[in-house]
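Working through the structure, step by step
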Amino acid sequence: MGFCYQKNFVNPTLPVDEAQFYALVRAKQWNENIDKYRETHDAALKRKLPAFIFQATFDETTSKSGKTGAWRKQAATRLTGLVVMDIDHIENPLTLYQGWVEKALDFKKLGIVLIYVTPSGQGIKIVFKADVAKGNLIDNQHAMAKVLGVEVDESCKDASRMSFICKESDILFIDKELFTYENKEFGERYNDLYRDGHSAAERTNTKKILTNTNLTNLTNNEALKNSCNSCNSCSKNKNDECSKNKNDERRKQSRMLRGALAQAGAHEAPPRRSV
């Protein structure tokens, strides 16, 4: 499947193969731009760099100006099965990388296909294979961060996020599988969710929402219990009314839970069918 790149913000994305990748990271123009950016910290220089989008390619859409192309839009996402993790504000990226080497971390076994120093010279970009069992893009980043002993940049959760190119000399590790890898299972599981704008951590948010919803349910159930205890000696009609109120409240809680789960990009198990 491969990934894509964007030459600048006013052009659609284009496919990247191995030859195109090396042409970009070896280009004298971009190498000089990166060097100058590290000297001056002028953000305008970084914004002029081409950028890879490792984690997705994009269906053709029409831009606001009416131009058709594979524009970098989350709503047109096709996930590749790769995950990108940023580690920013590192005084010496090479020291961090060397620490992983000294710990004998097996990058290939971890599913890592690319590690490079970012254009600022004070960050590391890691591209690795997604594990659908661990969750979505940001969930996989959290899992990898624990292995590497680093913190995740939470802003890197979207499927359309760019990764500015590097110089070839800044590549610390690369596996050729970077250029051919595809995880169809991951795409089938998450494409529609990302297209709908759900990119928050699935595991963490689902757990939090379930906890909050359960607390709300406990409060509501307690209120129902108290209201029914106050009418233990009521007539049959009133008892019927209490039962109706209970059922209405349960349906309301169920709707609340489904809505909360949908917002987090999670799914409630479908109701069981009687046979």
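Now for a look at the structure at hand.

**Here's the deal with the layout of surface pockets**
- Computed from the structure, the largest pocket encloses a volume of approximately 340 Å³.
- Lining the largest pocket are 16 residues, with Lys46, Asp86, Asp88, Thr118 and Lys125 sitting closest to its centre.
- Residue composition of the lining of the largest pocket, grouped by class: 4 nonpolar, 6 polar and 6 charged.

**Comments concerning empty space enclosed by the protein**
- Under the counting rule described, the total for this entry stands at 1 cavity of 30 Å³ or more.
- The volume enclosed by the largest cavity comes to roughly 70 Å³.
- Taken together, Gln55, Val83, Val84, Asp86, Lys125, Leu137, Gln141, Cys156, Asp158, Arg161, Met162 and Ser163 make up the lining of the largest cavity.
- Put simply, the parts of the chain that give the lining of the largest cavity at least two residues each are β8 (82–87) and α5 (137–148).
- For the lining of the largest cavity, the leading source of residues is β8, giving 3 residues.
- Tallied by class, the residues present in the lining of the largest cavity amount to 5 nonpolar, 3 polar and 4 charged.

**Quick look at the pattern of salt bridges**
- Tallied over the full model, the rule gives 11 salt bridges.
- Residue Lys176 is joined to Glu18 by a salt bridge in which the shortest nitrogen-to-oxygen separation is 3.6 Å. Here Glu18 lies in helix α1 (residues 18–26) and Lys176 lies in the loop between β12 (171–174) and α6 (184–195), a separation of 158 residues in the sequence.
- A relative accessible area of 29% places Glu18 in the partly exposed class.

**Section: the side chain of Gln55**
- In this fold, Gln55 is placed in the loop between β3 (51–53) and β4 (56–58).
- When its relative accessible area of 3% is taken as the criterion, Gln55 is described as buried.
- Reaching out from Gln55, the side chain makes a polar contact with the backbone oxygen of Ala159 at a distance of 3.1 Å.
- Every residue in contact with Gln55, bar those within four places of it in the chain, is listed here: Arg78, Leu79, Thr80, Gly81, Leu82, Val84, Leu137, Asp158, Ala159, Ser160 and Arg161.

**Describing the sheet that holds strand β10 (residues 124–129)**
- If you trace the 4 strands from one edge of the open sheet to the other, you get β8-β10-β9-β12, paired in antiparallel fashion. Both edges of this open sheet fall to β8 and β12, since each of them pairs with a single strand only. In this sheet, neighbouring strand axes are inclined to one another by 10 degrees on average, regardless of whether the strands run parallel or antiparallel.
- Pairing geometry for strand β9 (residues 112–117) and β10, over 5 bridges, is antiparallel. The residue bridging Ile112 from the neighbouring strand is Phe128, located in β10.

**Some remarks on the packing of aromatic side chains**
- Scanning the model with the defined rule gives 12 aromatic pairs in all.
- Between Phe3 and Phe52 the ring centres are 5.9 Å apart and the planes differ by 85 degrees, which places this aromatic pair in the edge-to-face class. Taken together, the residues span a long stretch of sequence, with Phe3 in strand β1 (residues 3–6) and Phe52 in strand β3 at a distance of 49 residues. Grouping residues by exposure puts Phe3 and Phe52 together as buried.

**Here's the deal with the sheet that holds β3**
- Taken together, the 4 strands give an open sheet; going across it, the order is β2-β1-β3-β11, and neighbouring strands pair in antiparallel fashion. Two strands bound the open sheet, and with one partner strand each, they are β2 (14–16) and β11 (163–164).

**Comments concerning unusual backbone geometry**
- Of note in the backbone geometry, His89 takes a positive phi value of approximately 55 degrees without being a glycine.
- Turning to its location among the elements, His89 is positioned in the loop between β8 and α4 (93–102).
- Its identity is not glycine, yet Ala104 carries a phi of approximately 60 degrees, on the positive side.
- Residue placement: Ala104 occurs in the loop between α4 and β9.

The rules behind each value
- Residues numbered from 1 in each chain as written.
- Predicted model: local features only at pLDDT ≥ 70, side-chain atom pairs only at ≥ 80, totals over all residues.
- Heavy atoms only, no water.
- 1 Å grid on protein atoms, 1.4 Å probe; cavity = no way out; pocket = protein on both sides within 12 Å on 5 of 7 lines; lining within 4 Å.
- Points joined across faces, edges and corners; volume = space filled by probe spheres on them.
- Nonpolar A, V, L, I, M, F, W, Y, C, P; charged D, E, K, R; others polar.
- Helix = DSSP H or I, 4+ residues; strand = E, 2+ residues; numbered from the N terminus.
- Salt bridge = Lys/Arg side-chain N within 4 Å of Asp/Glu carboxyl O.
- Buried < 20%, exposed > 50% of the residue type's maximum accessible area, 1.4 Å probe, protein only.
- Polar contact = N/O pair within 3.5 Å; in protein donor to acceptor, adjacent residues only side chain to side chain.
- Contact = heavy atoms within 4.5 Å.
- Pairing = 2+ DSSP bridges.
- Axes fitted to C-alpha atoms, helices over the stretch in contact; angles between N-to-C directions.
- Phe/Tyr/Trp six-rings, centres within 6.5 Å; stacked < 30°, edge-to-face > 60°.

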